[in-house]
Amino acid sequence: MNPRNIALIVVGALVAGGVAIAVVFASTGGDATDTASTASPSATAEAPAPTEDAATESPAPTEEPAEASEEAAATPGAYVDYSPATLEAAEGEKVLFFHATWCPQCRALEADIQGAGVPDGVTVLKVDYDSNQDLRAKYGVTLQTTLVHVDDSGALIDRYVAYEQPVLAPSLAALGIAGS
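Just so it is clear, the model here is predicted, and its values are computed rather than measured.

**Student:** How should the overall build of the chain be read in this particular structure?
**Tutor:** If you tally the helices and strands in the chain, you get 8 helices and 7 strands. Contacts in the chain between residues far apart in sequence, at least 24 positions, make up 57% of those at least 6 positions apart. Accessible area of the chain: about 10900 Å², with a carbon and sulfur share of 55%.

**Student:** Teacher, can you tell me more about the sheet that holds strand E4 (residues 93–99) here?
**Tutor:** Sheet strands associate in pairs through backbone hydrogen bonding, adopting either a parallel or an antiparallel arrangement. Strand order in the open sheet made by the 5 strands is E3-E5-E4-E6-E7, with mixed pairing throughout. Where the open sheet ends on each side, the last strands, each with one partner, are strand E3 (78–81) and strand E7 (156–161). Ignoring which end each strand starts from, the neighbouring axes of this sheet average 25° apart. Alignment of strand E6 (residues 146–150) against E7, held across 5 bridges, turns out to be antiparallel. Note that in E7 the partner of histidine 149 across the bridge is aspartate 158. Against the sheet, helix H6 (residues 104–116) contacts E3, E4, strand E5 (122–128) and E6, and its axis sits at roughly 145° relative to E4.

**Student:** Before we go on, may I ask you to explain the side chain of threonine 145 in this structure?
**Tutor:** Along the chain, the position of threonine 145 falls in the loop between helix H7 (133–139) and E6. A distance of 3.2 Å separates a polar atom in the side chain of threonine 145 from the backbone nitrogen of tyrosine 163. Not counting residues within four places of it along the chain, the set of residues in contact with threonine 145 comprises Phe97, Phe98, Cys103, Gln105, Cys106, Tyr160, Val161, Ala162 and Tyr163.

**Student:** Sorry, what's going on with the nonpolar core here?
**Tutor:** Taken as a class, soluble globular proteins show a tendency for nonpolar side chains to be buried jointly. Val95, Leu96, Phe98, Val124 and Tyr139 are the most contacted members of the largest nonpolar core, which totals 27 residues. When residues of this core are traced back to their parent elements, those giving at least two are E4, H6, E5, H7, E6 and helix H8 (168–174). Dropping the residues within four chain positions of it, phenylalanine 98 is found in contact with Cys106, Val127, Tyr129, Leu135, Arg136, Tyr139, Val141, Gln144, Thr145, Thr146 and Val148.

**Student:** Help me out: how do you make sense of the environment of valine 80 in this one?
**Tutor:** Note on placement: valine 80 falls in strand E3. For valine 80, a relative accessible area of 32% corresponds to the partly exposed category. Along the backbone, valine 80 and lysine 126 are 46 residues apart, and their C-alpha atoms lie at a distance of 6.0 Å. Here valine 80 is in contact with Thr123, Val124, Leu125 and Lys126, once residues within four sequence places are set aside.

**Student:** I would appreciate a short explanation of the packing of aromatic side chains in the present structure.
**Tutor:** Any two aromatic rings considered together are summarised by their centre-to-centre distance and by the angle between their planes. Considering all chains together, one arrives at 0 aromatic pairs under this definition. The positively charged end of arginine 136 is found above the aromatic ring belonging to tyrosine 129, 4.0 Å away from the centroid.

**Student:** Help me understand unusual backbone geometry, please; the structure alone is not making it clear to me.
**Tutor:** As a rule of thumb, non-glycine residues mostly have phi less than zero, and peptide bonds are mostly trans rather than cis. With phi around 70°, threonine 145 is a residue other than glycine that occupies positive phi space. Classification of threonine 145 by relative accessible area gives buried; the value is 0%.

**Student:** Mind showing me how you'd approach H6 here?
**Tutor:** In an α-helix, one full turn covers 3.6 residues, which means residues spaced three or four apart are oriented alike. With 13 residues, H6 extends 18 Å from end C-alpha to end C-alpha; this agrees with the ideal 18 Å at 1.5 Å per step. Those residues of H6 not exposed but buried are Gln105, Cys106, Leu109, Glu110 and Ile113. Viewed end-on, H6 has its buried residues packed into an arc of 135°, placing them on one side of the element. Set apart from the buried face of H6 by more than 90 degrees, the exposed residues are Gln114 and Gly115. Each element contacted by the buried residues of H6 is listed here: E3, E4, E5, E6 and H8. Glycine 117 sits one or two positions beyond H6 and adopts a positive phi of about 85°.

Rules behind the numbers
Residues numbered from 1 in each chain as written. Predicted model: local features only at pLDDT ≥ 70, side-chain atom pairs only at ≥ 80, totals over all residues. Heavy atoms only, no water. Helix = DSSP H or I, 4+ residues; strand = E, 2+ residues; numbered from the N terminus. Contact = heavy atoms within 4.5 Å. Areas by Shrake-Rupley, 256 points an atom, 1.4 Å probe, with all protein chains shown as cover. Pairing = 2+ DSSP bridges. Axes fitted to C-alpha atoms, helices over the stretch in contact; angles between N-to-C directions. Polar contact = N/O pair within 3.5 Å; in protein donor to acceptor, adjacent residues only side chain to side chain. Core = buried A, V, L, I, M, F, W, Y, C linked by side-chain atoms within 4.5 Å. Buried < 20%, exposed > 50% of the residue type's maximum accessible area, 1.4 Å probe, protein only. Phe/Tyr/Trp six-rings, centres within 6.5 Å; stacked < 30°, edge-to-face > 60°. Lys NZ or Arg CZ within 6 Å of the ring centre and 35° of its normal. Expected span 1.5 Å × (residues − 1). Arc of directions from axis to C-beta.

Encoded structure:
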């Protein structure tokens, strides 16, 4: 048998998302110029089922423990202006930051929030201290730089005044918020 007429079949497998895709290339053993012209159309049109070896090269993803999945699904931390709609739409831990533009400690805490960022799963909502007297009364806020941790219904969980140490991480820790 002439070596130039021996068919060479190369099967490559690509595993993506647990699905194996087989690609078949056929050659008559000639040089590169006649490979394309003499390839068998039936060999290139029909792809054999993926072999067990091809499927095991890249194992299918396994289910993660629920705890790890929840962490991966945590929402990114956010620092947003307060409105009833943003409070309702916020996911994860919700913290109201009573801020006054004239307050140096408020500006320092805001600079820390913007510089260091907010931990994943936490939304800090910036509340204007001067124009939100109803919210101040609702949560017992008497001093700017107060952080109020609320639940999904907006009920008070805890309150912390960051006036002496206007830094977000220790303030969140004082509120009992993990990841801070």
